[in-house]
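Survey of secondary and tertiary structure
One-letter residues, chain by chain:
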Amino acid sequence: MNRDFGLALEVLVAIEQGVNMYTVNSTPELIKYHFDMLEHIGCIAVENRNHTSVRLYNTASIKLTWAGHDMIDTLRFKLNNP
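The text that follows walks through the structure, step by step, so that each part is easy to find. What you are looking at is a predicted structure, and each value in this text was computed from that prediction instead of being measured.

1. Considerations on the overall build of the chain
Secondary structure summary: the chain contains three helices and two strands in total. For the chain, with 82 residues in total, the buried portion stands at 32%. Across the chain, the fraction of contacts at a sequence separation of at least 24, relative to all contacts at a separation of at least 6, is 52%. Counting only carbon and sulfur atoms, one obtains 53% of the accessible surface of the chain, whose full area is about 5200 Å².

Okay, structure coming up:
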């Protein structure tokens, strides 16, 4: 799979706003891939790992890190200034 900066931004913004991942416009597999990558690089912190699918994640157990907030700013700039 390839990185999709627009999708990464959607995932981060959904987490920032505390909304369900159902609002992200993509397939569950792509959302989970980007979610896992964002967690791996330290943009998000997951407090509860009882769920196996990103569709089931409770956004209350997912928090943006400082790096996650910085990533939102960076992606917004990058996508708005090609």
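2. Remarks on the packing of aromatic side chains
Inspection of every chain in the model, using the stated rule, returns zero aromatic pairs. The cationic tip of Lys 78 hangs over the ring face of Phe 5; the distance from NZ or CZ to the ring centre is 4.9 Å.

3. Notes on the pattern of salt bridges
Within the structure shown, the criterion is met by one salt bridge. Residues Lys 32 and Asp 36 are paired through a salt bridge, measuring 2.9 Å at the closest nitrogen-oxygen approach. Of the two residues, Lys 32 and Asp 36 are both situated in helix 2 (residues 28-40); the distance of four residues between them amounts to about one turn of the helix. Take Lys 32: its relative accessible area is 27%, and that puts it in the partly exposed class.

4. As for helix 2
For helix 2, built from 13 residues, the straight-helix expectation of 18 Å at 1.5 Å per residue is met to within 8% by its first-to-last C-alpha distance of 18 Å. For helix 2, the elements touching its buried residues are helix 1 (5-17), strand 1 (44-46) and strand 2 (62-64). One or two residues past the end of helix 2 sits Gly 42, with phi positive at roughly 90°.

5. Some thoughts on the nonpolar core
Ranked by size, the top nonpolar core spans 20 residues in total, and within it Val 11, Leu 12, Ile 15, Phe 35 and Ile 44 carry the most contacts. For this core, the secondary-structure elements that each account for two or more residues are helix 1, helix 2, strand 1, strand 2 and helix 3 (66-80). Among the elements that line this core, the one with the most residues is helix 1, at eight residues. When near neighbours in sequence (up to four residues on either side) are disregarded, Ile 44 contacts Leu 12, Ile 15, Phe 35, Leu 38, Glu 39, Ile 62, Lys 63, Leu 64 and Thr 65.

6. Overview of the environment of Glu 10
Assignment of secondary structure puts Glu 10 in helix 1. Glu 10 has contacts with Thr 23, Val 24 and Asn 25, leaving out every residue within four places of it along the chain.

What counts as what
Sequence order as written defines the numbering, with residues in each chain counted from 1. The predicted nature of this model means local features are confined to residues of pLDDT at least 70 and side-chain atom pairs, given and counted, to a pLDDT of 80 or more, with totals for whole chains, interfaces and linings taken over all residues. Side-chain descriptors were evaluated using all non-hydrogen atoms of the structure, hydrogens and water having been removed beforehand. Comment: elements are numbered from the N terminus, with helices defined as DSSP H or I runs of at least four residues and strands as E runs of at least two. Throughout, exposure labels follow a simple rule: accessible area from a 1.4 Å probe, protein chains only, divided by the maximum for the residue type, with under 20% read as buried, over 50% as exposed, and the rest as partly exposed. We call two residues in contact whenever any of their non-hydrogen atoms come within 4.5 Å of each other. Areas reported as accessible are Shrake-Rupley estimates using a 1.4 Å probe. Residue values count occlusion only from the protein chains shown. Stacked, tilted and edge-to-face pairs are distinguished by plane angle, under 30 degrees for stacked and over 60 for edge-to-face with tilted covering the rest, among Phe, Tyr and Trp rings (Trp via its six-membered ring) whose centres lie within 6.5 Å. Whether a charge sits over a ring comes down to the Lys NZ or Arg CZ being within 6 Å of the ring centre and within 35 degrees of the ring normal. Any Lys or Arg side-chain nitrogen found within 4 Å of a carboxyl oxygen on Asp or Glu counts as a salt bridge. Between the first and last residue of a helix there are one fewer steps than residues, each counted as 1.5 Å, and that sum is the expected span. As used in this record, nonpolar core signifies buried Ala, Val, Leu, Ile, Met, Phe, Trp, Tyr and Cys residues forming a set joined through side-chain atoms within 4.5 Å.

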